[in-house]
Amino acid sequence: MKRLARWRERFSTRDQPFDGWLLLAALSLMLIGWVMVTSASTEVASSLTGNAYYFSIRHGTFLVVALLVAALALRVPLLWWKANGPLLLLVGIALLVLVLLVGREINGSKRWLSVPGVPFNLQASEVAKLCLIAYMAGYLERFLPQVRRQWGAFLRPLLVMALIALLLILEPDYGAVVVMTGCVMGMLLLAGAPWGRFVLLLGLVGLAGFYVAIAEPYRLARLTSFADPWADQFASGYQLTQALIAYGRGHWLGMGLGNSVQKLFYLPEAHTDFVFAVLAEELGLFGAIGVVGLFALLIWRALAVGRRAELARLPFAAYLSYGIALVVGAQAFINIAVSTGMLPTKGLTLPLLSYGGSSLLVSTVMMALLLRADIETRQAVRRASPAAPRQGQGPRLDKRGAVQ
């Protein structure tokens, strides 16, 4: 027990200015993502552009820009995000409306906004996720007692979510609907809303989801191919069967970095939605478990940041951290579950890891907000501690003149 306590103390970040484990997990995932995007995209890039490192260079550029934007976001106090939460929500909804009007259609979905002359497509749903989290955190801080007692205060954010879900369905982007709805419900649950309301709503949402799933033939085909992809492995089940082959080839230690066979035009979207399958093929079971462990560490530390903020009576920082943890956790789980055949196919990227400028940019800003929430919480705790020296004073001394 003493040895365990020593190790726990050694790895603790209690006396640090921020949670180093959170930063380590985020940076590790971004670095692994760049390596795997490079490995998974060389053949496709060479075929499409003649430059094997086209997507790698673009992803590296996105990564640098995202880190610079995250550094700027880290300097913005959470008070600004709290004060502008309703405005950010309007911006997110406006982008979702704009993408339906003038958005760029790719693979049958209108999800991207493009600016002439700018080699970058903005995915409106990614920005809307961040805006929704900021709005929800501010709403829960303002109306927390009412949310716990009154149906009206409980349902208002769900009505906002229903409007966003309608716009996302029109794109269509069902994966974003699932992630954002789960985030709102999770934040309300963590805020202390009664369980009975969730049981009723989950029943209604389940019925609606069942109807939506069978309303269109292509959605029903996705469900049936998910249940048995090998029954139609060269049509509706093709993508999933190729991903499963990649997992099977990976075995324990993998084929080696860069030695994937499935990325050679067998597995569609190998460097975007299905990059985890290529990772598992090249790095094996141990590599895949390591990446899952990094995501688990990231989500655990994000929830810990939220809990510390809640105990320090900083509700906005707490619910902002909870919302980010829920979105990243849900999106990572769904992406990995889809590529392993646990869930039907959804067009969701793997946060911090998949190729895509919008996803990477928003994910890094979320990490910056988590670090900002942690820094502000630690500063508030130190100011409130009786042993903390007041501003402008030196460290306290004991009777012998030693620093306390």
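Computed from a prediction, not measured in an experiment: that's the story for all the values here. Numbers given for residues are sequential positions, taken from 1 along each chain in its written order. Per-residue local features are limited, in this predicted model, to residues with pLDDT of at least 70; the limit for side-chain atom pairs, both in listing and counting, is 80 or more; totals at the level of whole chains, interfaces and linings are taken over all residues. Just so you know, side-chain values use all the structure's heavy atoms and leave hydrogens and water out.

Where do I start with the overall build of the chain in this structure?
When helices and strands are tallied, the chain shows 14 helices and three strands. Taken over the C-alpha trace, the chain has a radius of gyration of 23 Å; the compact-globule value for 404 residues is 22 Å, and the two agree within 12%. Overall, the chain is about 80 × 50 × 50 Å in size when its C-alpha atoms are taken along their principal axes. Accessible area is worked out with a 1.4 Å probe on protein chains only. A residue is then buried under 20% of its type maximum, exposed over 50%, and partly exposed in between. A total of 404 residues make up the chain; the buried ones form 46% of that total. The long-range share in the chain, meaning contacts at least 24 apart out of those at least 6 apart in sequence, stands at 68%. Here the chain has roughly 20,400 Å² of accessible surface; of this, 67% comes from carbon and sulfur atoms. For this count, His and the chain ends are skipped, Lys and Arg are scored as positive, and Asp and Glu as negative. The location of each charge is read from NZ of Lys, CZ of Arg, CG of Asp or CD of Glu. Counting 35 positive and 20 negative side-chain charges, the chain places the averaged centre of each group 14 Å from the other. Helix and strand assignments follow DSSP, with helices taken as H or I runs no shorter than four residues and strands as E runs no shorter than two, numbered in order from the N terminus. Atoms counted for the radius of gyration: C-alpha only. Globule rule: 2.2 Å times residue count to the power 0.38. Note on contacts: a residue pair qualifies if any of its non-hydrogen atoms lie within 4.5 Å across the two residues. For accessible areas, the Shrake-Rupley method is used with a probe of radius 1.4 Å. Any residue's cover is judged against the shown protein chains and nothing else.

What am I meant to see in the pattern of salt bridges here?
Any two side chains of opposite charge can pair if their charged atoms end up close together. Salt bridges are identified by distance alone: a Lys or Arg side-chain nitrogen within 4 Å of an Asp or Glu carboxyl oxygen. Scanning all chains against the criterion turns up eleven salt bridges. Among the ionic pairs, Arg-308 bridges to Asp-19, the shortest N-O distance being 3.7 Å. Linking Arg-308 in helix H12 (residues 275–311) with Asp-19 in the loop between helix H1 (2–10) and helix H2 (20–49), this pair joins segments that are 289 residues apart in sequence. The exposure class assigned to Asp-19 is buried, which follows from its relative accessible area of 0%. Glu-281 serves as the salt-bridge partner of Arg-249, at 3.0 Å between the closest nitrogen and oxygen. Of this pair, Arg-249 sits in helix H11 (residues 238–250) while Glu-281 sits in helix H12, and the two are 32 residues apart along the sequence. Classification of Arg-249 as partly exposed rests on a relative accessible area of 26%. Taken together, the shared-partner salt bridges connect Asp-19, Arg-301, Arg-308, Asp-374 and Arg-378 into one network.

I would appreciate a short explanation of the confidence of the model for the chain in the present structure.
Predicted coordinates in regions of low pLDDT should not be interpreted in detail. Per-residue confidence from the predictor is reported as pLDDT, which spans 0 to 100. Mean pLDDT for the chain: 88, with 91% of residues reaching 70 or above. Counting interchain partners and residues more than four positions distant, the pLDDT-below-50 stretch residues 389–404 has 13 contacts.

Help me understand helix H3 (residues 54–74) in this model?
The α-helix winds at 3.6 residues per turn, so residues separated by three or four positions along the chain end up facing the same way. A helix is expected to reach a length of 1.5 Å times the quantity of its residues less one. With 21 residues, H3 extends 30 Å from end C-alpha to end C-alpha; this agrees with the ideal 30 Å at 1.5 Å per step. Buried residues of H3: Phe-55, Ser-56, His-59, Gly-60, Phe-62, Leu-63, Ala-66, Ala-70 and Ala-73, and no others. For H3, the arc enclosing every buried residue in end-on projection is 160°, short of the 170-degree limit, so these residues lie on one face. Residues of H3 that are exposed and angled more than 90 degrees away from the buried face: Ile-57, Leu-68 and Leu-72. Buried-residue contacts for H3 involve H2 and helix H14 (357–384). Think of it as the arc spanned by the lines of direction from the helix axis to the C-beta atoms.

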